[in-house]
Amino acid sequence: MRKPILGLAAIALAATMGLAHAQDKKTIGVSIPAADHGWTAGVVYHAERIAKKLMEEHPGLNVVVKTSPDPASQANAVQDLETQGIDALVILPTDPDPLVNAIKEVKSKGKFVALVDRAPSTNDDSVRDLYIAGNNPALGEVAGKYIAKTTPDAEVVVIRGLPIPIDQQRQDGFDKGIAGSNVKVLDRQFGNWNRDDAFKVMQDYLTKYPKIDVVWCQDDDMAVGVLEAIQQAKRTDIQYVVAGAGSKDMVKKVMDGDKMIPVDVLYPPAMVGTAMELTAAQLIDQVPVHGTYILDATLVTKDNAKDFYFPDSPF
Amino acid sequence: MTDTTANPPARSFWRDIDLRAVAPFVALVLLLVLGTFANDNFLTFNNLLNVVTRSAYIAIIAIGATFVICAGGLDLSVGSMVAFVASLAIMFMNSGAVAGPVAMIATAMLVMVLIGIACGLANGLITTVGRIEPFIATLGMMGIYRGLTTWLSQGGAITLRNADVSAAYRPVYFGDLFGIPYPVYFIFVTAAIAAFVLYRTSFGRHVIAVGSNEDVARYSGISVERVRTMTYVIQGLCVAIACLIYIPRLSSTTATTGTMWELQAITAVVVGGTALRGGVGRIWGTICGAFILEIVGNIMLLSNFVSEYLLGAIQGAIIIIAMLVQRSLVRKS
């Protein structure tokens, strides 16, 4: 027991004396997509929040956050970061496959690479040291299980996102979640993860089906349109709406005990912060962090909502 | 230019014009029939009102686009402009600059109209004074308005914070007069004014003249640049009117508000019988075109026989069939 304690003390000492040891100065480069919709706006917010926090905690640590709108400019940004001299790269790729080579380039120079959320086709240790991601199948499964448990005989309408793989994973997860219950899916249509489109789809659902018990729209932005459409139609048969992601507006509704939004399923943009913290732990504390981390799709309820509420975040 | 309300030289000319103008309405009726087969609830008062009400944004924007396209221009920036104007208006209302919800909303509406006109003027001046092709000029402005909105919202949402203002504003979209929601009145009043301007004023005639032959118009003493610029200003004004009824619906904007609306507006204009090359403008056809677009989407959703993956393909096919029906009607005459 003595050795680890001594080691910890030494690390603590080193951390406090970080400024004195100029040669120990470490830099983490963080490359993320530009804020072009709610979720990526959350990523930018949390990346900047954690960067500030890490630099306060570790005076010897420098964290550079760069945002890029598309894969080509992100590849340039990664190159720029590397030229500036970084010890580790945390990257949430705009599109993973076109960026694989840029990431491998950094990795081949012996830098520590943490990959967040979007994985390329070959996602192994030739590309990154650490992989951290949300759980898309679980986002659907947790929602499905909650609906099956709360309202076992519910007739549900589903609003999907866009026809891309993660949307399909969420749908499959949802089907797994409601399997074996009497929950019946009346319809599935695309709402493009857009408020206005979700409003239209919900209006048409209300016209099409005289009785709807539950709406699963898997996304907090779309829930805004869904709630307006229900309110306008003055329909009282809809018991509740299950969305997802963990935006401040929906988490607030859960916290306040809104009957229409009893829960929210987490797919947190703050996961970029998890990757940054782990990377800092590897660089400074030299604890082993290599591996794959899949975050739970936590069910946000009235009891735990305050843990996931960020009033200052744009998302 | 002199007044030219005089009788047309040839009778066939009038017959031709009439059928072209009627064609979109025939397509609309055919769609209504198709819709009744799709779902029993399609031809209900409530469903049709829903569809007409939510087509208001595209319809009103497309009225402006009719002027621009009729004068031989094009505006790709309208979708982003909606997001930009609405975001600024919400931020203005959040600032609490004016006391009292009603006074605040009235001021905000004025602000929207002024910003819309300014945006339109900017588009117009860049294409005319700057002599840049309208496609490229407004594509650039589309990026600028979208980027500014994303920046203002930090990529997230801009939401109306004041609950009193929000509650007072909500009825503008959701409220009704004699059972007809307000946005429907917005469509028809805007269209009536636009039709008057395009068909009954000298400015309207200048717009059509500039669109059909720029050189002839110039030799006739029309200030082509001023007329073109004015059409972009009208477009900006129409975008502002659309924003007036957009904000009360969701009380917020996001970085993705109004994406692809420019293409929907242009489609509505063309489906309505306005020529993309300019020189012909049909306000009521445009309104009909906007209804057609919205009804196609509505029918797809209400029907049970179309896979959700095929929606886009079927929508495209219906629009092309609607255009073919129009063309064949015109040819037969």
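This text gives an overview of the structure that appears in the document. Keep in mind that what you see is a predicted model, and the values were worked out from it rather than measured. (Residues numbered from 1 in each chain as written. Chains lettered and ligands numbered in written order. Predicted model: local features only at pLDDT ≥ 70, side-chain atom pairs only at ≥ 80, totals over all residues. Heavy atoms only, no water.)

Next up on the list: the sheet that holds strand β12 (residues 299–300) of chain A. All names here are of chain A. Pairing within the open sheet is mixed, and its 6 strands lie in the order β7-β6-β8-β9-β10-β12. Both edges of this open sheet fall to β7 (184–190) and β12, since each of them pairs with a single strand only. Looking at chain direction, strand β8 (residues 214–216) and strand β9 (residues 240–245) are connected through 3 bridges and run parallel. Residue pairing for β9: Val214 is matched across the bridge by Tyr240. (Pairing = 2+ DSSP bridges. Helix = DSSP H or I, 4+ residues; strand = E, 2+ residues; numbered from the N terminus.)

In this complex, chain A contributes 32 residues to the contact, which on the side of chain B involves 36 residues. The three residues of chain A that bury the most area against chain B are A:Asp196, A:Asp204 and A:Lys208, which together make up 22% of that side's buried surface. Linking chain A with chain B are 4 salt bridges, by the criterion used here. A salt bridge links A:Asp196 to B:Arg249, with the shortest nitrogen-to-oxygen separation between them at 2.8 Å. At the surface where chain A touches chain B, the tally comes to 15 residue pairs in polar contact (both at pLDDT 80 or more). Contributing elements (two or more residues each) for the side of chain A that touches chain B: α2 (38–57), β7, α7 (195–208), α8 (220–233) and α9 (248–255) of chain A. No other element matches α7(A), which puts 10 residues into the side of chain A that touches chain B. Across the side of chain A that touches chain B, the residue classes tally to 9 nonpolar, 10 polar and 13 charged. (Contact = heavy atoms within 4.5 Å. Buried area = accessible area lost by both parts, 1.4 Å probe. Salt bridge = Lys/Arg side-chain N within 4 Å of Asp/Glu carboxyl O. Polar contact = N/O pair within 3.5 Å; in protein donor to acceptor, adjacent residues only side chain to side chain. Nonpolar A, V, L, I, M, F, W, Y, C, P; charged D, E, K, R; others polar.)

Attention now moves to the nonpolar core. Residue and element names in this part refer to chain A. Among the nonpolar cores identified, the biggest contains 123 residues, and Met202, Tyr205, Ile212, Val215, Cys217 and Val226 are the most heavily contacted of them. Apart from residues lying up to four places away in sequence, Ile212 is in contact with Glu155, Val157, Leu186, Met202, Tyr205, Leu206, Arg235, Asp237 and Ile238. Core analysis: the second largest hydrophobic core is formed by 53 residues, Ile32, Ala41, Ala47 and Ala245 among them. (Core = buried A, V, L, I, M, F, W, Y, C linked by side-chain atoms within 4.5 Å. Buried < 20%, exposed > 50% of the residue type's maximum accessible area, 1.4 Å probe, protein only.)

In this section: the packing of aromatic side chains. Taken as a whole and assessed by the stated rule, the structure comprises 15 aromatic pairs over all chains. Measuring from centroid to centroid gives 5.4 Å for B:Tyr57 and B:Tyr246, while their planes differ by 70°, and the two rings are edge-to-face. Of this pair, B:Tyr57 sits in helix α3 (residues 56–70) while B:Tyr246 sits in helix α12 (residues 224–250), placing them 189 residues apart in sequence. In this structure B:Tyr57 comes out as buried when scored by relative accessible area, which is 2%. Lying over the aromatic face of A:Tyr267, A:Arg170 brings its terminal NZ or CZ to 5.2 Å of the ring centre. A cation over a ring is seen here: B:Arg170 above B:Phe174, with NZ or CZ 4.1 Å from the ring centre. (Phe/Tyr/Trp six-rings, centres within 6.5 Å; stacked < 30°, edge-to-face > 60°. Lys NZ or Arg CZ within 6 Å of the ring centre and 35° of its normal.)

Scanning the model with the defined rule gives 25 salt bridges over all chains in all. We note a salt bridge from A:Arg188 to A:Asp175, for which the minimum N-O separation is 2.5 Å. Of this pair, A:Arg188 sits in strand β7 while A:Asp175 sits in helix α6 (residues 165–178), and the two are 13 residues apart along the sequence. Given the relative accessible area of 17%, A:Arg188 is considered buried. Judged by its relative accessible area of 33%, A:Asp175 is partly exposed. Between A:Lys200 and B:Glu294 there is a salt bridge, with the nearest N and O atoms lying 3.3 Å from each other. Linking A:Lys200 in helix α7 with B:Glu294 in helix α14 (residues 283–302), this pair reaches from one chain into another.

Residues and elements named next belong to chain A. For strand β4 (residues 112–116), a buried count of 5 out of 5 residues is recorded, marking the element as mostly surrounded by other parts of the structure. Side chains of β4 alternate between two faces, with Phe112, Ala114 and Val116 and Val113 and Leu115 buried alike. One ladder, built from 4 bridges, connects strand β3 (residues 88–91) with β4; its direction is parallel. Within β4, the residue paired with Val90 across the bridge is Ala114. Once you follow β3 into helix α4 (residues 96–108) and on to β4, the crossover reads as right-handed. Summarising the sheet, β4 and strand β5 (residues 130–133) pair through 3 bridges and their orientation is parallel. (Right-handed = clockwise from strand over helix to strand, strands pointing away.)

Residue and element names in this part refer to chain A. On inspection of all chains with the given rule, the structure shows 3 cavities of 30 Å³ or more. Of the pockets and cavities examined, the largest cavity occupies roughly 100 Å³. Taken together, 14 residues line the largest cavity, and the ones lying closest to its centre are Arg195, Asp221, Ser247, Asp249 and Phe315. At the level of elements, α8 and α9 are the ones that each hand at least two residues to the lining of the largest cavity. Among the residues making up the lining of the largest cavity, the classes are represented as 5 nonpolar, 4 polar and 5 charged. (1 Å grid on protein atoms, 1.4 Å probe; cavity = no way out; pocket = protein on both sides within 12 Å on 5 of 7 lines; lining within 4 Å. Points joined across faces, edges and corners; volume = space filled by probe spheres on them.)

Next up on the list: the sheet that holds β4(A). Residue and element names in this part refer to chain A. The parallel open sheet is built from 6 strands, whose spatial order is β2-β1-β3-β4-β5-β11. Whereas interior strands pair on both sides, the edge strands pair on one side only; in this sheet they are β2 (61–68) and β11 (291–294). Strand after strand, the sheet turns through a mean of 15° between neighbouring axes, direction not considered. Bridge count for β5 against β11 is 4 bridges, and the pairing is parallel. Looking at β11, one finds that Ala133 is bridged to Ile294. This element, α4, spans β3 and β4 of the sheet and lies at about 150° to β4. Of the strands in this sheet, β1 (26–33), β2, β3, β4, β5 and β11 touch helix α10 (residues 271–285), which is tilted by about 160° from β1. (Axes fitted to C-alpha atoms, helices over the stretch in contact; angles between N-to-C directions.)

Such coordinate-based values are descriptive only and should not be taken to indicate function.
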